[in-house]
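# Remarks on the overall topology
For reference, the chains in residue letters:
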Amino acid sequence: MAFLAALALGGVLIANRSAESWQAGLAGRLTVQILPQGQAAPEKEVDAAVKLLQSTPGVVYAGPLSDADNLALVEPWLGRDAIVTALPFPKLIDVRLAPGATPDIARLERRLKTASPHAVLDDHRAGSAG
């Protein structure tokens with residue numbers, strides 16, 4: 001029993017370290033999705049969201065992910081030969097914040113919805129994304 005308890009504890013510690021590492025990789029980042037209307041996300045909304053994000057204090061980078069980046073994100077589930085362009089896939093915008101920046105997320109979300117009505121902001125906290 002002691003061996004099984006030690007084994008279980010080791011598994012929990014490994015899982016905890018993995019979760020902390022993953023979370024640290026998202027620190028200082030936001031993701032914006034522009035939800036598709038039909039087969040594709042409206043490019044005007046993508047451009048408007050990127051422009052707004054780039055002019056937001058505390059944002060050091062905001063740019064849309066390429067189709068290749070999107071494919072890499074879904075590859076573990078759909079396989080290497082997935083045809084993402086045939087799917088109603090959201091356009092993703094990667095946002096990096098300056099160290100220590102704390103933007104008003106609720107205000108930023110409202111501003112994004114005005115510029116890009118199909119935008120969804122994810123600040124990577126539990127319960128966010130929408």
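Residues numbered from 1 in each chain as written. Predicted model: local features only at pLDDT ≥ 70, side-chain atom pairs only at ≥ 80, totals over all residues. Heavy atoms only, no water.

The helix and strand tally for the protein stands at 4 helices and 4 strands. In the protein, the succession of α and β elements from N to C terminus is α-β-α-β-α-β-α-β. Counting over 130 residues, the protein shows a buried share of 28%. Of the contacts formed within the protein by residues at least 6 apart in sequence, a portion of 73% connects residues at least 24 apart. (Helix = DSSP H or I, 4+ residues; strand = E, 2+ residues; numbered from the N terminus. Buried < 20%, exposed > 50% of the residue type's maximum accessible area, 1.4 Å probe, protein only. Contact = heavy atoms within 4.5 Å.)

What follows covers the side chain of Asp94. One can find Asp94 in strand β3 (residues 91-97). We classify Asp94 as buried; its relative accessible area is 12%. Within the local environment of Asp94, its side chain forms a polar contact with the side chain of Arg29, the two groups lying 2.6 Å apart. At a separation of 3.1 Å, a polar atom in the side chain of Asp94 contacts the side chain of Arg96. Residue contacts for Asp94: discarding those within four places in its chain leaves Arg29, Leu30, Tyr61, Ala62, Gly63 and Leu65. (Polar contact = N/O pair within 3.5 Å; in protein donor to acceptor, adjacent residues only side chain to side chain.)

With 12 residues, helix α2 (residues 43-54) should reach 16 Å at 1.5 Å per residue; the first-to-last C-alpha distance of 16 Å fits that figure. Those residues of α2 not exposed but buried are Glu45, Val46, Ala49, Val50, Leu52 and Leu53. The arc enclosing the buried residues of α2, seen along the axis, measures out at 165°, which places them on a common side. Opposite the packed face of α2, turned more than 90 degrees from it, sit the exposed residues Lys44, Asp47, Lys51 and Gln54. On its buried side, α2 packs onto β1 (29-34), β2 (59-64), β3, α4 (105-115) and β4 (119-122). (Expected span 1.5 Å × (residues − 1). Arc of directions from axis to C-beta.)

Strand pairing in a sheet relies on backbone hydrogen bonds. The paired strands run either parallel or antiparallel. Across the sheet, 4 strands lie side by side as β2-β3-β1-β4; this open sheet has antiparallel pairing. Each having just a single partner strand, β2 and β4 make up the two edges of the open sheet. On average, each strand axis in the sheet is tilted by 20° relative to the strand beside it, whichever way the strands run. Summarising the sheet, β1 and β4 pair through 4 bridges and their orientation is antiparallel. Its bridge partner being in β4, Gln33 is matched across the sheet by Val120. (Pairing = 2+ DSSP bridges. Axes fitted to C-alpha atoms, helices over the stretch in contact; angles between N-to-C directions.)

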